[in-house]
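Residues per chain, in single letters:
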Amino acid sequence: NVGDALPEYRFTNQLGQPISTSQFRGRALAITFVFTRCPFPTFCPRTMDHFAETQRKLQALPNAPTNWHLLTLSFDPMFDTPAVLKAYGASHGQDPRHWTLATGKLIDLTAIAEQFGQSFWREAEGGISHNLRTAVIDAAGRVQTNFIGNKWTSDELVAELVKAAKIVP
């Protein structure tokens, strides 16, 4: 819920390094969920494109805050290894100073996903189905916004991140 503190979750980033959500405290943080083999252009690929646009816009914005970060979590840890995530991020112009791709243990991914109403499940034929959520956490570590679906724009995400970056931890 808006105003709730983001608990600490642990993952592995695209470089194979351990990360924790607590390391982003003091920064505005946008979190979204994808898997690299998503076959639907209006789902994970659109989310990645929106994150890439958000990154470009924040980096080009005059007087933009510098305390922001994007976190893309894959809920397909068996396939989306750090090497796969690194290549996927690079294909979207990921700047690792401001954008991390990560995955982890299914129990941790499920826990953080459930906090935002994100659901994912394996289909009988092996595919993955899911809904869409993108959350913004303010610099104090509290949920500011939870976008449902994929109708949000990079301009909306930029505005939320700028606002979230101004919150004093």
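Residues numbered from 1 in each chain as written. Predicted model: local features only at pLDDT ≥ 70, side-chain atom pairs only at ≥ 80, totals over all residues. Heavy atoms only, no water.

## A look at the packing of aromatic side chains
Working definition: an aromatic ring pair is given by the centre-to-centre distance plus the angle between the planes. In total, this model carries 7 aromatic pairs according to the counting rule given. Aromatic side chains Phe 51 and Trp 152 sit 6.3 Å apart centroid to centroid with 65 degrees between the ring planes, which places their arrangement in the edge-to-face category. Placement of Phe 51 in helix H1 (residues 44–60) and of Trp 152 in the loop between strand E9 (143–148) and helix H4 (154–165) is noted, with a sequence separation of 101 residues between them. For the pair formed by Phe 51 and Trp 152, the shared burial category is buried. On the basis of an interplanar angle of 25 degrees and a centroid distance of 5.7 Å, the ring pair of Phe 147 and Trp 152 is categorised as stacked. The exposure classification of Phe 147 matches that of Trp 152, with both residues buried. An aromatic cluster is present here, built from Phe 51, Trp 99, Phe 147 and Trp 152 joined pairwise through their rings. Against the face of Phe 79 rests Arg 37, its NZ or CZ located 4.2 Å from the ring centre. (Phe/Tyr/Trp six-rings, centres within 6.5 Å; stacked < 30°, edge-to-face > 60°. Helix = DSSP H or I, 4+ residues; strand = E, 2+ residues; numbered from the N terminus. Buried < 20%, exposed > 50% of the residue type's maximum accessible area, 1.4 Å probe, protein only. Lys NZ or Arg CZ within 6 Å of the ring centre and 35° of its normal.)

## Notes on empty space enclosed by the protein
Left-over empty space is what a probe sized like a water molecule reveals as it rolls over the atoms. Using the criterion set out here, one finds 1 cavity of 30 Å³ or more in the structure. Counted as a void, the largest cavity has a volume near 40 Å³. Together, Thr 32, Phe 33, Thr 47, Leu 132, Arg 133, Thr 134, Gly 149 and Trp 152 line the largest cavity. Counting only elements with at least two residues in the lining of the largest cavity, the list comes to strand E3 (28–34) and strand E8 (133–137). Residues that form the lining of the largest cavity fall into these classes: 3 nonpolar, 4 polar and 1 charged. (1 Å grid on protein atoms, 1.4 Å probe; cavity = no way out; pocket = protein on both sides within 12 Å on 5 of 7 lines; lining within 4 Å. Points joined across faces, edges and corners; volume = space filled by probe spheres on them. Nonpolar A, V, L, I, M, F, W, Y, C, P; charged D, E, K, R; others polar.)

## Side note on unusual backbone geometry
Not every positive phi belongs to a glycine, and Asn 63 is a case in point at roughly 60 degrees. Relative to the assigned elements, Asn 63 resides in the loop between H1 and strand E4 (68–74).

## Looking at the pairing of E9
Pairing analysis gives 5 bridges linking E8 to E9, with the strands arranged antiparallel. Within E9, the residue paired with Thr 134 across the bridge is Phe 147. The hairpin turn running from E8 into E9, its antiparallel successor, is 5 residues long, and Gly 141 in that turn takes a positive phi close to 90 degrees. (Pairing = 2+ DSSP bridges.)

## A look at H4
Taking 1.5 Å per residue, 12 residues should reach 16 Å; H4 reaches 16 Å between its end C-alpha atoms and fits that length. Every buried residue of H4 is listed here: Ser 154, Leu 157, Val 158, Glu 160, Leu 161, Val 162, Ala 164 and Ala 165. Looking at the buried residues of H4, the elements they touch are E3, H1, E4, E8 and E9. (Expected span 1.5 Å × (residues − 1). Contact = heavy atoms within 4.5 Å.)

## Re the sheet that holds E8
Taken in spatial order, the 7 strands line up as E2-E1-E5-E4-E3-E8-E9 in an open sheet, and their pairing is mixed. Edge strands, defined here as strands with exactly one partner in the open sheet, are strand E2 (18–20) and E9. Averaged over neighbouring strand pairs, the angle between their axes works out to 30 degrees when direction is ignored. With 3 bridges connecting them, strand E1 (residues 10–13) and E2 associate as antiparallel partners. Residue pairing in the sheet places Arg 10 in a bridge with Ser 20 of E2. Along the sheet face, helix H3 (residues 106–115) touches E1, E3, E4, strand E5 (99–103) and E9 and points at about 110 degrees away from the line of E1. Where H4 meets the sheet, it contacts E3, E4, E8 and E9, and its direction lies at approximately 170 degrees from that of E9. (Axes fitted to C-alpha atoms, helices over the stretch in contact; angles between N-to-C directions.)

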